[in-house]
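Inside the fold
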Amino acid sequence: MEALNAITEIGYALDTFYFLISGAFVMWMAAGFAMLEAGLVRSKNTVEILTKNVALFAIASVMYMVVGYNIMYGDSVNSVIPGLSFFLGGDNATADVLAGGDDAPYYSNMSDFFFQVVFVATAMSIVSGAVAERMKLYAFLVFAIVMTGFIYPVQGFWKWGGGFLDEAGFLDFAGSGVVHMAGAAAALAGVLLLGPRKGKYGPNGEVHPIPGANLPLATLGTFILWMGWFGFNGGSELKIANVEEANAVSLIFVNTNMAAAGGVIAALLTARTLFGKSDLTMALNGALAGLVSITAEPLTPTPGLATLIGAIGGVIVVFSIVTLDKMKIDDPVGAISVHGVVGVWGLLAVLLSNGDATLGGQLLGIVAIFAWVFLASLVVWFVIKAIMGLRVTEEEEYEGMDQVDCGMEAYPEFTSGK
Amino acid sequence: MEALNAITEIGYALDTFYFLISGAFVMWMAAGFAMLEAGLVRSKNTVEILTKNVALFAIASVMYMVVGYNIMYGDSVNSVIPGLSFFLGGDNATADVLAGGDDAPYYSNMSDFFFQVVFVATAMSIVSGAVAERMKLYAFLVFAIVMTGFIYPVQGFWKWGGGFLDEAGFLDFAGSGVVHMAGAAAALAGVLLLGPRKGKYGPNGEVHPIPGANLPLATLGTFILWMGWFGFNGGSELKIANVEEANAVSLIFVNTNMAAAGGVIAALLTARTLFGKSDLTMALNGALAGLVSITAEPLTPTPGLATLIGAIGGVIVVFSIVTLDKMKIDDPVGAISVHGVVGVWGLLAVLLSNGDATLGGQLLGIVAIFAWVFLASLVVWFVIKAIMGLRVTEEEEYEGMDQVDCGMEAYPEFTSGK
Amino acid sequence: MEALNAITEIGYALDTFYFLISGAFVMWMAAGFAMLEAGLVRSKNTVEILTKNVALFAIASVMYMVVGYNIMYGDSVNSVIPGLSFFLGGDNATADVLAGGDDAPYYSNMSDFFFQVVFVATAMSIVSGAVAERMKLYAFLVFAIVMTGFIYPVQGFWKWGGGFLDEAGFLDFAGSGVVHMAGAAAALAGVLLLGPRKGKYGPNGEVHPIPGANLPLATLGTFILWMGWFGFNGGSELKIANVEEANAVSLIFVNTNMAAAGGVIAALLTARTLFGKSDLTMALNGALAGLVSITAEPLTPTPGLATLIGAIGGVIVVFSIVTLDKMKIDDPVGAISVHGVVGVWGLLAVLLSNGDATLGGQLLGIVAIFAWVFLASLVVWFVIKAIMGLRVTEEEEYEGMDQVDCGMEAYPEFTSGK
């Protein structure tokens, strides 16, 4: 008996430690997004995007602690309307966190909160790149407050908090939908209201590439995200402290890696076929597309199938980026394609290996999450536009966001003037 | 009985593994400091600061192994004077390490040494940035030998080795004082002897900003430090292998993250209020200030209080940087403010949540550590100045440290001449 | 009994988790190689080397899964000729992986595969830097297919798969030979067929340094590798879940760190003595040389001896780089010296601390691995040369690989023209 208690304690400790390390890996993805985006924009907009990425992580941490966690995991009104029990009493997840208490049976509550809070920041990071190079910094930060405190947690509750999408059998293991497509939907709403960057599209429909200023940074960002994704998917198993769970986490690591590998190869070959060159940015987007593809279901596919799922994601992302440009939807880093379009693919790919998934359930999840996040975001972006404006002036855009918003240059010695 | 032995073994293994991973995260902070500092200096001084950061980590590792660890944790003469038992016999922590032996009861001795040795490097990294752009490379490296082998371990012994500060009830969980303020005190002594960079302060008291050459690097460095801090504070709990300890480590992770988040938001708003712009470097310093603030006590505050403690640190760091510039104390990366001034705040903030802390104990620790490190460093810097000189000539400073000390350029293709 | 089963399960889980985290650290080394190499080449060849590094990791993952893992660990014909049981039936390691099955007794099969697959990528990354700035991208990627699927696994089988080198008592704990020297041997074969970069060597034997474009990146890459090496060596103990294994892993961490530290200091002092300057790139190569030196035996040396072994590696690497340049073997990043020459030193250094090692066994391993990898690679490079050509034209080399192969610039705003 004493031995069994001691074993339970160690299992609790191991699961908690695994959760914390997984969370630290996901936190590290914030650096990945920051480097990816900073590498893919022009030097005159680099300080601003770095500031956004640091600030959004801080905002996400605070807002999710104060409001979002409770919306997602507190007592709910029903399976659609989450609770607001921090106002009304009842089981109050936020209060537990704010008090720092811990009485969870299987692993530490706090380690769960830590793992959840870094996910919110990931969703918000996705928005950051798509609206780059033309949105006012504070317009973005105000949106971040609403997105991380309210919009994200509501649909998170629908699935992971036990709401109606969970009841309807919608499957989304680590968040191709709840995190990635949700982030992309919010980004799309912003991009549509914002319009493309000056000079991106010519009057006769021609697309002018605007090359990123620092591709080693973008590559570093991709490797960081690849690494961090082991925590993102691996930690989403939630437990590791027995043989079955340990095997599951191991398979998730392998599948996550193989999907990324498949995505790189497929995107590289697709881009070479289409453009005649080995396009690095497409290879990077292919890696990320592979990772997004496998995120909805990293456990039931075999590694061979995972490679294939990632590879299809890698093909999709190239065509999606080209198509969005034809539609004059200007997304400087390809976030809507990588996380949104490929996120949908990931949710459908669950059907390939998980017998519990249904087409209806997956489609319901896709529609519900997209509709909610897109429409709620559209309203919020619209209100921000009305009150403080979304976009800098044409002269400011020409001068660069860094001077306008931050008053400093990213590389003052490397670039002369614009 | 057999089962209990096996459980004890696994607990030992889990604690050891947790220590090693925590140590690896702290080692990673060396990369964070290197990138932060390399991003905040001018391109002509970048190779030198990179060389310093790599070399100081190596020197810290060797000196702490050979001398410092034993000063800090070997037999002591009394509670003020540490032992020098590697000369005199007695319990010899260094000999144990050098022999690679391991007979610790709760977790591996070697994992403890690994965790300790990376802390020393952190303290030394703090010095590096403050004396940048004007100090001779080898003057710095000679100081690193004395600091990591002798100055740091003595005050480390006073607190963590069970010396008089520990006996007096001075509380410093993970080292706001022992690591951060100590590093800043050594830096301050060096900066005062060294004087400001040419051109930083005008004849009529005006301050000329000298922008860093690569802000994405500085941002990367900050994210690395933020990530590494989970090991720094989380590992300082020393154990994780039961429910109570696992909960404690989890709360530490959450509090560490929330303090950084609070620091970012507060520093960004403070800087915007003071300067009218969203200053990225202040946001980065705010993150680090939040982290330093919570380092003295990351366990007893609630996450809400941790956010507040970090936020106050974020406000302090902005005012401190401005004030030091008014006093013509030239610290290119703000290290004295971030680690020193905010380190003091962190030590006082222990009083807000830990009932065992006393104002007297905290003040005694602040005064004793600062006085020892500052004065001992001043003497060492002075001796180095007398023997080999601290500062490069005015022409060398104009030409840049990289040509003078290292004979190469950091970005040979991006910058033309100076 | 129930308790003992539960303990066994937790031990299995802890060992698996340790394996997965170690593997994630080794995966992270891919980012380290990418940054190191991107920093040490000229800006006009940076996109191509980034593309290579991302693509080779993807190729290694797929090829090792489909073919290599089974060659290395499946049923073999005899102790020299590995099995091809995925064609012939019999125990089929690849099939197990492809099926995602897991029935290992001590830790998850999949976690083992994950740890192994990232090692292959490391070996391949070594090749990438040495052939930089002149080899066609697709020639390299075709070689990567053969190297990771076939050449590497055969010699991996000889040692780690229980082949004749293992039987002969050849000791190579974590792969100074199997990974590092093997990678360097493949690189050397390529470099000899490829010839030096235009302008590197003058007609009268003079060596013209070609400085790397971004030394902060190279430094970041080195820190990443240093960090990742804790997983590389630490994970190679294979188990951690009891006191003895936990102590072993701890000692490996300490020795790995100390060897790197010794390498930095020795290389820095050697370079300063030879060149009169504190050469950053030599300090970085010194760190890596220290790490390679200790990789063949990170467990039996004391930390003091590990420091010395690393320091000798640091001296060797400086002389080796100078010597190779005298021989007009042009290796832009020093990979052949760091991983090959120092790899041999690491294999011999096993004799200093491990009583089970024999000079004959170590020499046999060095000769067998080098001969196999070098000759097999030579044949493959030769075939690629005959079919598609290895090297870009002189004009293309002048223009830069990035335009030729990838159609984009790494830093479009920082560099004007060539």
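Predicted, not measured: the structure shown is a model, and the values here were computed from it. Residue numbers restart at each chain and count upward from 1, following the sequence in its written direction. A letter from A marks each chain and a number from 1 marks each ligand, given out in the order of writing. Only residues with pLDDT of 70 or above have their local features reported here, since the model is predicted, and side-chain atom pairs are shown and tallied only from 80 upward, although totals for entire chains, interfaces and linings are computed over all residues. Based on all heavy atoms of the structure, the side-chain values leave hydrogens and waters out of the count.

Under the DSSP-based scheme used, a helix requires at least four consecutive residues in state H or I and a strand at least two consecutive residues in state E, with every element numbered from the N terminus. For chain A, the count of helices and strands is 16 helices and zero strands. Rg of the C-alpha trace for chain A: 21 Å, near the compact-globule value of 22 Å for 418 residues, within the 12% margin. Taking the principal axes of its C-alpha atoms as reference, chain A extends roughly 75 × 50 × 45 Å. Using a 1.4 Å probe on the protein chains alone, a residue whose accessible area is under 20% of its type maximum counts as buried, one over 50% counts as exposed, and one in between counts as partly exposed. A buried classification covers 69% of the 418 residues belonging to chain A. The contacts in chain A between residues at least 6 apart in sequence include a share of 78% that link residues at least 24 apart. As displayed, chain A offers around 11900 Å² of accessible surface, 64% of which is attributable to carbon and sulfur atoms. Considering chain A, the positive charge centre built from 17 side chains and the negative charge centre built from 34 side chains are found 18 Å apart. Only the C-alpha atoms count toward the radius of gyration. The rule for a globule is 2.2 Å times the residue count to the power 0.38. Contact criterion: two residues are considered in contact whenever any of their non-hydrogen atoms come within 4.5 Å of each other. Only the protein chains shown count as cover for residues, and the accessible areas themselves come from Shrake-Rupley with a 1.4 Å probe. His is not counted, nor are the chain ends; Lys and Arg add positive charge and Asp and Glu add negative charge. All charge positions are set by atom: Lys at NZ, Arg at CZ, Asp at CG, Glu at CD.

What follows covers the packing of aromatic side chains. Two numbers describe a pair of aromatic rings. These are the distance of the centres and the angle of the planes. Here a pair means two rings of Phe, Tyr or Trp (six-membered ring of Trp) with centres within 6.5 Å. Their orientation is stacked below 30 degrees between planes, edge-to-face above 60, and tilted elsewhere. Under the criterion given, the structure shown has 81 aromatic pairs over all chains. Ring centres 4.0 Å apart and planes at 15° place the aromatic pair Phe119(B) and Phe232(B) in the stacked group. Pair noted here: Phe119(B) is in helix α5 (residues 109-130) and Phe232(B) is in helix α9 (residues 215-235), with a separation of 113 residues, a long-range link. Grouping residues by exposure puts Phe119(B) and Phe232(B) together as buried. The residue whose ring lies beneath Lys52(B) is Phe140(B), and the NZ or CZ to ring-centre distance is 4.6 Å. Its end group placed over the ring of Tyr138(A), Arg272(B) keeps NZ or CZ at 3.8 Å from the ring centre. We call a charge positioned over a ring when the NZ of a Lys or the CZ of an Arg lies within 6 Å of the ring centre and within 35 degrees of the ring normal.

A few words now on the interface of chain B and chain C. When the parts come together, some accessible area is lost, and that loss is often what is quoted as the size of the interface. In this complex, chain B contributes 62 residues to the contact, which on the side of chain C involves 58 residues. When two parts are brought into contact, each loses some accessible area as probed by a 1.4 Å sphere; the total of that loss over both is the buried area. Summed over both partners, the interface of chain B with chain C buries about 5000 Å², with 80% contributed by carbon and sulfur atoms. In protein, a polar contact means a hydrogen-donor-capable atom and an acceptor-capable atom, both N or O and within 3.5 Å, with residues adjacent in sequence counting only if both atoms are side-chain atoms; elsewhere, any N or O pair within 3.5 Å suffices. On the surface where chain B and chain C come into contact, there are nine residue pairs in polar contact (both at pLDDT 80 or more). Where the side of chain B that touches chain C is concerned, the elements lending two or more residues are α1 (2-40), α2 (46-73), α4 (93-99), α5, α6 (137-159), α9 and α16 (401-406) of chain B.

It is worth spelling out helix α12 (residues 303-326) of chain C at this point. Here, expected helix span is obtained from the residue count minus one, scaled by 1.5 Å. An ideal rise of 1.5 Å per residue puts 34 Å on 24 residues; α12(C) measures up with 35 Å between its terminal C-alpha atoms. In the stretch just after α12(C), Lys328(C) is the one whose phi turns positive, near 60°.

Time to look at helix α13 (residues 335-353) of chain A. A rise of 1.5 Å per residue sets the reference length of α13(A), with its 19 residues, at 27 Å; its end C-alpha atoms lie 26 Å apart and thus fit the reference within 8%. Think of it this way: the bend at a residue is just the angle between two axes, each fitted to seven residues, one set ending at that residue and the other starting at it. Taking the largest bend as the criterion, α13(A) deviates by roughly 35°, centred on Gly343(A).

When the copies are superposed, the least-squares fit draws on C-alpha atoms of residues that have pLDDT of at least 70 in both. Rotating chain C by 120° about the axis while translating it 0.0 Å along that axis superimposes it on chain A, leaving an RMSD of 0.0 Å. Such a combination of turn and shift is consistent with a three-fold rotation axis. Measuring from the rotation axis to each C-alpha of chain C, the shortest distance belongs to Phe414(C), at 3.1 Å.

The biggest cluster of nonpolar side chains holds 478 residues, and the ones touching the most others in it are Trp28(A), Trp28(B) and Trp28(C). The contacts of Trp28(B), once residues within four sequence positions are left out, are Trp28(A), Ile224(B), Met227(B), Trp28(C), Leu220(C), Phe223(C), Ile224(C) and Met227(C). Among buried residues, those of type Ala, Val, Leu, Ile, Met, Phe, Trp, Tyr and Cys that are joined through side-chain atoms within 4.5 Å constitute a nonpolar core.

Moving on to the packing of helix α2 (residues 46-73) of chain A against helix α5 (residues 109-130) of chain A. When two helices pack together, you describe them by how their axes are tilted relative to each other and by the distance separating the axes. All names here are of chain A. At a closest axis distance of 8 Å, the pairing of α2 and α5 adopts a crossing angle of 130°. In this view, α2 runs oblique relative to α5, as classed from their interaxial angle. Two packed elements cross with a definite hand, and for α2 against α5 that hand is right-handed. Of α5, the residues touching α2 (which contributes Ile49, Lys52, Asn53, Leu56, Phe57, Ala60, Ser61, Tyr64, Met65, Tyr69, Met72 and Tyr73) are Asn109, Asp112, Phe113, Gln116, Val117, Val118, Val120, Ala121, Met124, Ser125, Ser128 and Gly129. Across the contact of α2 with α5, the residue classes break down as 15 nonpolar, seven polar and two charged. What counts as an axis is a line fitted to C-alpha atoms, over the stretch in contact for a helix, and the angles between N-to-C directions run from 0 to 180 degrees. In what follows, roughly perpendicular refers to angles from 65 to 115 degrees, roughly parallel to angles under 35, roughly antiparallel to angles over 145, and oblique to any angle outside these ranges. The crossing is said to be left-handed when, going from far helix to near helix, the turn is anticlockwise and less than a right angle, and right-handed when the turn is clockwise. Put simply, Ala, Val, Leu, Ile, Met, Phe, Trp, Tyr, Cys and Pro go in the nonpolar bin, Asp, Glu, Lys and Arg in the charged bin, and everything else, Gly too, in the polar bin.

Residue and element names in this part refer to chain A. A surface patch of nonpolar side chains, amounting to about 420 Å² of accessible area, comprises Val142, Val379, Val383, Ile387 and Met388. The leading source of residues in the nonpolar patch is helix α14 (residues 359-388), at four residues. For methionine 388, the position within the fold is in helix α14. Judged by its relative accessible area of 31%, methionine 388 falls in the partly exposed class. Only residues above 30% relative accessible area that lack a salt bridge enter a patch, with like-charged residues linked at up to 9 Å and the nonpolar side chains Val, Leu, Ile, Met, Phe, Trp and Tyr linked at up to 5 Å. Each salt bridge in this description consists of a side-chain nitrogen of Lys or Arg and a carboxyl oxygen of Asp or Glu lying within 4 Å of one another.

Turning our eyes to something else, we now look at the relation of the copies chain B and chain C. When chain B is fitted to chain C, the best match, at an RMSD of 0.0 Å, comes from turning it 120° and sliding it 0.0 Å along the axis. The share of interface residues of chain B whose copies in chain C are also at the interface is only 19%, consistent with the copies meeting through different surfaces.

Moving on to the interface of chain C and chain A. The partner chain A presents 58 residues to the 61 residues of chain C that form the contact. Between chain C and chain A, a total of about 5000 Å² is buried, with carbon and sulfur atoms accounting for 80% of that surface. Taken together, the connections running from chain C to chain A amount to nine residue pairs in polar contact (both at pLDDT 80 or more). Where the side of chain C that touches chain A is concerned, the elements lending two or more residues are α1 (2-40), α2 (46-73), α4 (93-99), α5 (109-130), α6 (137-159), α9 (215-235) and α16 (401-406) of chain C.

Quick look at the side chain of Asp112(C) now. Its place among the elements puts Asp112(C) in helix α5. In this structure, Asp112(C) is buried with no salt-bridge partner, the nearest side chain bearing the opposite charge being Lys239(C) at 11 Å.

Looking now at the packing of α13(A) against α14(A). All names here are of chain A. With their axes 9 Å apart at the nearest point, α13 and α14 run at an angle of 165° to one another. One way to sum up the angle between α13 and α14 is to call them roughly antiparallel. In this structure, α13 crosses over α14, and the sense of that crossing is right-handed. Seen from α13, the contacting residues are Val344, Leu347, Leu348, Val350 and Leu351; seen from α14, they are Leu359, Gln362, Leu363 and Ile366. Looking at the contact of α13 with α14 residue by residue, the classes come out as eight nonpolar, one polar and no charged.

Attention now goes to the confidence of the model for chain A. Residue and element names in this part refer to chain A. Across chain A, the average pLDDT comes to 93, with 94% of residues at or above 70. In this model, residues 86-91 is a region of pLDDT below 50 whose contacts with residues beyond four sequence positions or in other chains number 11 contacts. Under the prediction, the complex receives an ipTM of 0.96, its pTM being 0.97. pLDDT: the predictor's confidence for each residue, scored from 0 to 100.

At Leu238(A), a residue that is not glycine, the phi angle is positive and equals roughly 75°. Looking at where Leu238(A) falls in the secondary structure, it is placed in the loop between α9 (215-234) and α10 (243-275). Of note in the backbone geometry, Lys328(C) takes a positive phi value of approximately 60° without being a glycine. With respect to the helices and strands, Lys328(C) occurs in the loop between α12 and α13 (335-353). Lys328(C) sits in the partly exposed class, given a relative accessible area of 38%.

All names here are of chain B. Looking at where isoleucine 151 falls in the secondary structure, it is placed in helix α6. Look at isoleucine 151 and you get buried, because its relative accessible area is 1%. Every residue in contact with isoleucine 151, bar those within four places of it in the chain, is listed here: Phe143, Val146, Trp372, Val373, Ala376, Ser377 and Val380.

Turning next to the pattern of salt bridges. Residue and element names in this part refer to chain B. Evaluated as defined, the whole model comprises 21 salt bridges over all chains. Residues aspartate 15 and lysine 239 are paired through a salt bridge, measuring 3.2 Å at the closest nitrogen-oxygen approach. Of this pair, aspartate 15 sits in helix α1 while lysine 239 sits in the loop between α9 and α10 (243-275); the two residues are 224 residues apart in sequence, bridging distant segments of the chain. Where aspartate 166 meets lysine 159, a salt bridge forms, and the shortest distance between an N and an O atom there is 2.8 Å. Given a relative accessible area of 8%, lysine 159 falls into the buried group.

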